[in-house]
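Spelled out from the first residue to the last, the chains are:
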Amino acid sequence: MPFNKPNDSAIRDVLTSAKVIAVVGHSDKPNRTSYQIAQFLRKVGYIVYPVNPQVQEIDGQPSYPSLKEVPSHIDIVNVFRRSEYLSEIVTEAIAINANTIWAQLGISDEAAAQKALDAGMNVVMDMCILIEYLRLIRV
């Protein structure tokens, strides 16, 4: 059974209830989409933790090698890694009791989505968090 995208109301609830977002695959390069979207999320009031084992810090903020190193409860795990990494990221997100797994545009994995749903998580895949925020929150 294919994964069904959540409706606007469910996405709006995820975005308005969240305070802390971990950006997995957060780049330290300002021209990269993950960097730009993370900056936007900070600007609109979210606490954003970079998760990237290849980078020590981004704009003076520590970058964490994995979700379990992040020193706070995570509401949304926003994923900027290729689809083949989603299952492993979902497993990590479940282990830390994150509320939502959000895979950016072009990123999805049916089995990983089902694993997250079975664990009681909200799941958004193949959707851009910035586009959805602008569409549903900034109306």
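Residues numbered from 1 in each chain as written. Predicted model: local features only at pLDDT ≥ 70, side-chain atom pairs only at ≥ 80, totals over all residues. Heavy atoms only, no water.

If you check an unreviewed UniProt entry, the chain appears there as CoA-binding protein from Scytonema hofmannii PCC 7110.

Here we come to the packing of aromatic side chains. Taken as a whole and judged by the stated rule, the model has 3 aromatic pairs. Between F40 and Y133 the ring centres are 5.4 Å apart and the planes differ by 80 degrees, which places this aromatic pair in the edge-to-face class. Of this pair, F40 sits in helix α2 (residues 33-43) while Y133 sits in helix α5 (residues 129-136); the two residues are 93 residues apart in sequence, bridging distant segments of the chain. We classify F40 as buried; its relative accessible area is 11%. (Phe/Tyr/Trp six-rings, centres within 6.5 Å; stacked < 30°, edge-to-face > 60°. Helix = DSSP H or I, 4+ residues; strand = E, 2+ residues; numbered from the N terminus. Buried < 20%, exposed > 50% of the residue type's maximum accessible area, 1.4 Å probe, protein only.)

Below, the discussion takes up the packing of helix α1 (residues 8-17) against α5. Where α1 meets α5, the closest approach of the two axes is 10 Å, and the angle between their N-to-C directions is 105 degrees. Here α1 lies roughly perpendicular to α5, going by the angle between them. From α1, D8, I11, R12 and L15 reach across to α5, where they touch I129, E132, Y133, R135 and L136. (Axes fitted to C-alpha atoms, helices over the stretch in contact; angles between N-to-C directions. Parallel < 35°, antiparallel > 145°, perpendicular 65-115°, else oblique. Contact = heavy atoms within 4.5 Å.)

Let's shift gears to the packing of helix α3 (residues 86-95) against helix α4 (residues 110-118). Orientation of α3 relative to α4, taken along the N-to-C sense of each, is 10 degrees, at an axis distance of 8 Å. With respect to α4, the axis of α3 lies roughly parallel. Where α3 approaches α4, its residues L86, S87, V90, T91 and I94 are matched on the opposing element by A112, K115 and A116. Tallied by class, residues from the contact of α3 with α4 come to 5 nonpolar, 2 polar and 1 charged. (Nonpolar A, V, L, I, M, F, W, Y, C, P; charged D, E, K, R; others polar.)

Further remarks concern the UniProt feature "domain: CoA-binding" (unreviewed entry) in the chain. UniProt tags residues 15-107 as "domain: CoA-binding" (unreviewed entry). Across residues 15-107, helical content stands at 26% and strand content at 24%; the span's end C-alpha atoms are separated by 19 Å. (UniProt positions renumbered as here; feature names shortened; annotations may be inferred.)

Moving on to the pairing of strand β2 (residues 47-51). Burial of β2 is extensive: 4 of the 5 residues sit out of reach of the surface. Following the backbone out of strand β1 (residues 20-24), through α2 and into the adjacent parallel β2, one traces a crossover that is right-handed. (Right-handed = clockwise from strand over helix to strand, strands pointing away.)

Regular strands show a simple pattern: their side chains alternate between the two faces of the sheet. Of the two faces of strand β6 (residues 100-103), the one holding T100 and W102 and the one holding I101 and A103 are both buried throughout. With 4 bridges joining them, strand β5 (residues 76-79) and β6 adopt parallel strand pairing. Note that in β6 the partner of V79 across the bridge is A103. What joins β5 to β6 is α3, and the crossover it makes is right-handed. In this sheet, strand β7 (residues 122-124) lies alongside β6 in parallel orientation, the contact comprising 3 bridges. Residue pairing across strands places T100 opposite N122, the latter belonging to β7. (Pairing = 2+ DSSP bridges.)

Let's shift gears to the side chain of S34. For S34, the position within the fold is in helix α2. A distance of 2.9 Å separates a polar side-chain atom of S34 from the backbone nitrogen of S27. In this structure, S34 is in contact with G25, H26, S27 and F80, ignoring residues within four places of it in sequence. (Polar contact = N/O pair within 3.5 Å; in protein donor to acceptor, adjacent residues only side chain to side chain.)

Core analysis: the largest hydrophobic core is formed by 25 residues, its most contacted members being L67, V77, L86, I89, A93, I101 and M125. Taken together, the elements giving at least two residues each to this core come down to β1, β2, β5, α3, β6 and α4. At 4 residues, the largest contribution of residues to this core is made by α3. Counting 22 residues, the second largest nonpolar core, distinct from the first, contains V14, V124, M127 and L136. (Core = buried A, V, L, I, M, F, W, Y, C linked by side-chain atoms within 4.5 Å.)

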